[in-house]
Amino acid sequence: MLTQAGIVRFPADIRALVAGVLAAPEGEDPAAWLVLVGDPLPDALASQLQALKAEMAAAAEPAHPHSARPHSACPSPAERLAALRAALKRRDLDGFIVPRGDEHQGEYVPPRAQRLGWLTGFTGSAGHAVVTAARAAIFVDGRYTLQVRGEVPADLYEYKHLVEDPLADWIAAALPDGGRFGYDPWLHTIGWVEKTRAALERAGILLVACEDNPLDSVWHDQPPAPLTPVVPQDDALAGESSADKRARLADDLARNGIAAAVLTQPDSIAWLLNIRGADVPCTPLPLSFAILGADASVDLFLDPRKLAPQTGAHLGNQVRVRALAEFGAALDAVARGSARVLADPSCTSAWIVDRLHLAGARVEREGDPCALPKACKNEAELAGTRAAHTRDGAAIVRFLRWFAGAAPKGDLTELRVVERLLAFRRENERFRGVSFDTIAGAGPNGAIVHYRVSPDTDRRLEPGSLFLLDSGAQYLDGTTDVTRTLAVGEPTPEMRDRFTRVLKGHIALSTARFPRGTTGSQLDVLARLPLWQAGLDYDHGTGHGVGSFLSVHEGPQRISKVGNTVALQPGMILSNEPGYYKTGAYGIRIENLIVVRPLEAEGDLGGAERPMLGFEPLTLVPIDRTLIDRALLTGAEVAWIDAYHARVRESLLPLLDQATAAWLAGATAAL
């Protein structure tokens, strides 16, 4: 059938392609991958290929010890640990670190890179394991102190805290003087390597870069790299052509005497080239590396099998698509003549920096040149994100109307709510998936900041409780992220007090006016002050950057207690999400996305002596009025809530049926 369709592929090639497709997340369109075989395909061939994919998926052995399909051939955690120790012994290593991250230091990693999960069983999003001949430990942060004990065997691993238990101290205690501690230089930044090497040298321990990863040598059913179509992002949605972006950034490189910039963040590359993919969950990007030259040319390193038929023409002649195997030689070439080459030390692997140094480059350790322009959305991107938020708001309002009728019955569970919300969002034709795993915390689960519901933790929504729902979506024209805390039945006075204080902080930040040059860390106190006045606080940042049909967590801007030197600029999208968490009882968070906008010198600002900025709310979702204590609000705060609800109502009514519109009218009635 392949020959009849004019496709020159061997069956083995097709099976390898399907294996890569199966190593990527299942998207909203299960047939999207077929363009990697051919476009168009005869219906009979397309059906046979889908059948092959289903057959290979059913036959695949689980790659994770907590898989829903346990297999008798799957080694136990103890067997995996023993196999790794044997591999270390063969390499004359006394210890080795297994991080959660991949070569790109990204938030989401493909199955192939989930080495920490394969070895230990831990499914959290941050952490690392350290293995020596006699001891092993897993290091996680405070979000996962309970989860790690449920997933990782205590008889095999010591439980350690990422911050409170310094890694170098544990290694120094576990290894003998003169010990050799290994690491995979692809999986750690140059900054981590230099800091760790210095600490271990003081203890008489040598940090050793491994040519290959010892764990990979014993992970016999390690999935292949993911294969999903790399497709163009329409210039009308991007607001600027890739050629113009490349020229703008290349001019900056040339002006500073820099020959090239090495790009390792896939979302930066996707933004620069106006392409999208689906190699990892929740974020529409293709895993890749790139080198941007001062002449505006780009070498793009990825598996050529990923390119959809129209993508080559979209990229144009100045973008050379090259196999990943050519990346090292390309680094050598760009470094010749002691060229100055830019690499971001916060996200560039030690392997890349070491290779550049060995080739003679003068490595300029500066930030990713795409990060700031990517963060400052243009008007086309902002128009797209406003449209996406309007459609998303309509979907959530339909959900909230359903929730208002179903929750009082007492038979809803967290998983049921997650499924229903997803169904409402899927009614939108531009929906491409969730932007992160939904946080749906009932009662005490809401007090776990990064809670993820599972069949084992699924909790019923009980009368008299609070329900925290933090969710987001990826649409072709924008990315959303919204949190609402909902009362199930009658809230207590304490719940209403805490909710209203969080709301006051949310309003204070949303209405802030500030001069150009202000950073997010300078504004963070506004969101916390109403809680501080009652001796309360929350232990997470107030706001993170958000991409445009890209990562829901984007830098370089943020709003946090942690210092940040990046000034807020027009077009930057951030979250505004203060909260309060009472351990064992409930959690509260109110989150809108907001965009930085310039303010006109009029009205109260008529005498302004400096350019001023403010925020425009993007999220259009009602705030639960039953949780508001009116007595704690000022007149200005009441006016803000009423104005916000009026805008929600006016924006969404055209998209709603009559019954849902009537419900929204009540939910957004003036206080």
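Note that this is a predicted model, so its numbers are computed, not measured.

Caption draft 1: Local environment of the overall build of the protein. Of the regular secondary structure elements, the protein holds 20 helices and 28 strands. Relative to the globule expectation of 26 Å for 671 residues, the C-alpha radius of gyration of the protein, 26 Å, shows essentially globular dimensions. Counting all 671 residues of the protein, 52% fall into the buried class. Summed over all atoms, the accessible surface of the protein reaches about 27600 Å², with 52% contributed by carbon and sulfur. A gap of 1 Å separates the mean positions of the 68 positive and 82 negative side-chain charges of the protein.

Caption draft 2: Broad picture of the pairing of strand β6 (residues 206-209). Two strands pair when backbone bridges link them, and strand β5 (residues 180-183) and β6 are joined in this way by four bridges, in the parallel orientation. Within the sheet, the bridge partner assigned to F181 lies in β6 and is L207. In this fold, the crossover linking β5 to β6 by way of helix α7 (residues 190-202) has right-handed handedness.

Caption draft 3: Examining the domain arrangement of the protein more closely. Looking at the protein, the domain boundaries give domain 1 (2-59), domain 2 (77-218), domain 3 (231-343 + 352-374) and domain 4 (376-668). With centres defined by C-alpha atoms, the gap from domain 1 to domain 2 works out at 37 Å.

Caption draft 4: Highlighting the layout of surface pockets. Approximately 610 Å³ is the volume found for the second largest pocket. Lining the second largest pocket are 27 residues; nearest its centre among them are E103, R112, W186, F289 and L324. Partitioned by chemical class, the residues of the lining of the second largest pocket number 13 nonpolar, four polar and 10 charged.

Caption draft 5: Broad picture of the pattern of salt bridges. Under the counting rule described, the total for this entry stands at 35 salt bridges. Between E28 and R426 there is a salt bridge, with the nearest N and O atoms lying 2.9 Å from each other. Of this pair, E28 sits in the loop between α1 (11-22) and α2 (43-59) while R426 sits in the loop between α16 (414-425) and β15 (431-434), placing them 398 residues apart in sequence. Take R426: its relative accessible area is 47%, and that puts it in the partly exposed class. Across the pair E240 and R248 runs a salt bridge, and its minimum N-O distance is 2.7 Å. For R248, a relative accessible area of 36% puts it in the partly exposed group.

Caption draft 6: Here's a closer look at the environment of G367. For G367, the position within the fold is in the loop between β14 (362-365) and α14 (371-375). In this structure the C-alpha to C-alpha distance between G367 and P345, which are 22 residues apart in sequence, comes to 7.4 Å. In this structure G367 touches L342 and D344, once residues within four positions along its chain are discounted.

Caption draft 7: Main features of the packing of aromatic side chains. The tally for this structure, following the rule as stated, stands at 15 aromatic pairs. Measuring from centroid to centroid gives 5.2 Å for W640 and Y644, while their planes differ by 0 degrees, and the two rings are stacked. Of this pair, W640 and Y644 both sit in helix α19 (residues 635-652), separated by four residues, roughly a single helical turn. The two residues W640 and Y644 agree in class, both being buried.

Caption draft 8: Layout of the nonpolar core. Of all hydrophobic cores here, the largest spans 37 residues; its most connected members are F499, L503 and L652. With residues near it in sequence (within four places) discarded, L503 still touches I590, I623, I628 and I641. Of all hydrophobic cores here, the second largest spans 25 residues; its members include A87, L88, C210 and W219.

Caption draft 9: Just helix α3 (residues 77-90), in detail. Taking 1.5 Å as the rise per residue, α3 with 14 residues should run 20 Å; its terminal C-alpha atoms sit 20 Å apart, in good agreement. Every buried residue of α3 is listed here: R80, L81, L84, A87 and L88. Each buried residue of α3 lies within a common arc of 120 degrees when the element is viewed along its axis, so the set occupies one face. Exposed and facing more than 90 degrees away from the buried side of α3 are K89 and R90. Considering only its buried residues, α3 is in contact with β1 (95-99), α4 (115-120), β2 (128-132) and β3 (136-140).

Caption draft 10: Layout of a nonpolar patch on the surface. On the surface, V525, L526, L529 and W532 cluster together into a nonpolar patch covering about 310 Å² of accessible area. Structurally, the position occupied by W532 is in helix α18 (residues 520-532). On the basis of relative accessibility, which here comes to 38%, the residue W532 falls in the partly exposed class.

Parameters at a glance
Residues numbered from 1 in each chain as written. Predicted model: local features only at pLDDT ≥ 70, side-chain atom pairs only at ≥ 80, totals over all residues. Heavy atoms only, no water. Helix = DSSP H or I, 4+ residues; strand = E, 2+ residues; numbered from the N terminus. Rg over C-alpha atoms; globule rule 2.2 N^0.38 Å. Buried < 20%, exposed > 50% of the residue type's maximum accessible area, 1.4 Å probe, protein only. Areas by Shrake-Rupley, 256 points an atom, 1.4 Å probe, with all protein chains shown as cover. Lys, Arg positive; Asp, Glu negative; His and termini not counted. Charge placed at Lys NZ, Arg CZ, Asp CG, Glu CD. Pairing = 2+ DSSP bridges. Right-handed = clockwise from strand over helix to strand, strands pointing away. Domains from an automatic or database assignment. 1 Å grid on protein atoms, 1.4 Å probe; cavity = no way out; pocket = protein on both sides within 12 Å on 5 of 7 lines; lining within 4 Å. Points joined across faces, edges and corners; volume = space filled by probe spheres on them. Nonpolar A, V, L, I, M, F, W, Y, C, P; charged D, E, K, R; others polar. Salt bridge = Lys/Arg side-chain N within 4 Å of Asp/Glu carboxyl O. Contact = heavy atoms within 4.5 Å. Phe/Tyr/Trp six-rings, centres within 6.5 Å; stacked < 30°, edge-to-face > 60°. Core = buried A, V, L, I, M, F, W, Y, C linked by side-chain atoms within 4.5 Å. Expected span 1.5 Å × (residues − 1). Arc of directions from axis to C-beta. Patch = residues over 30% accessible without salt bridge, like charges linked within 9 Å, V, L, I, M, F, W, Y side chains within 5 Å.

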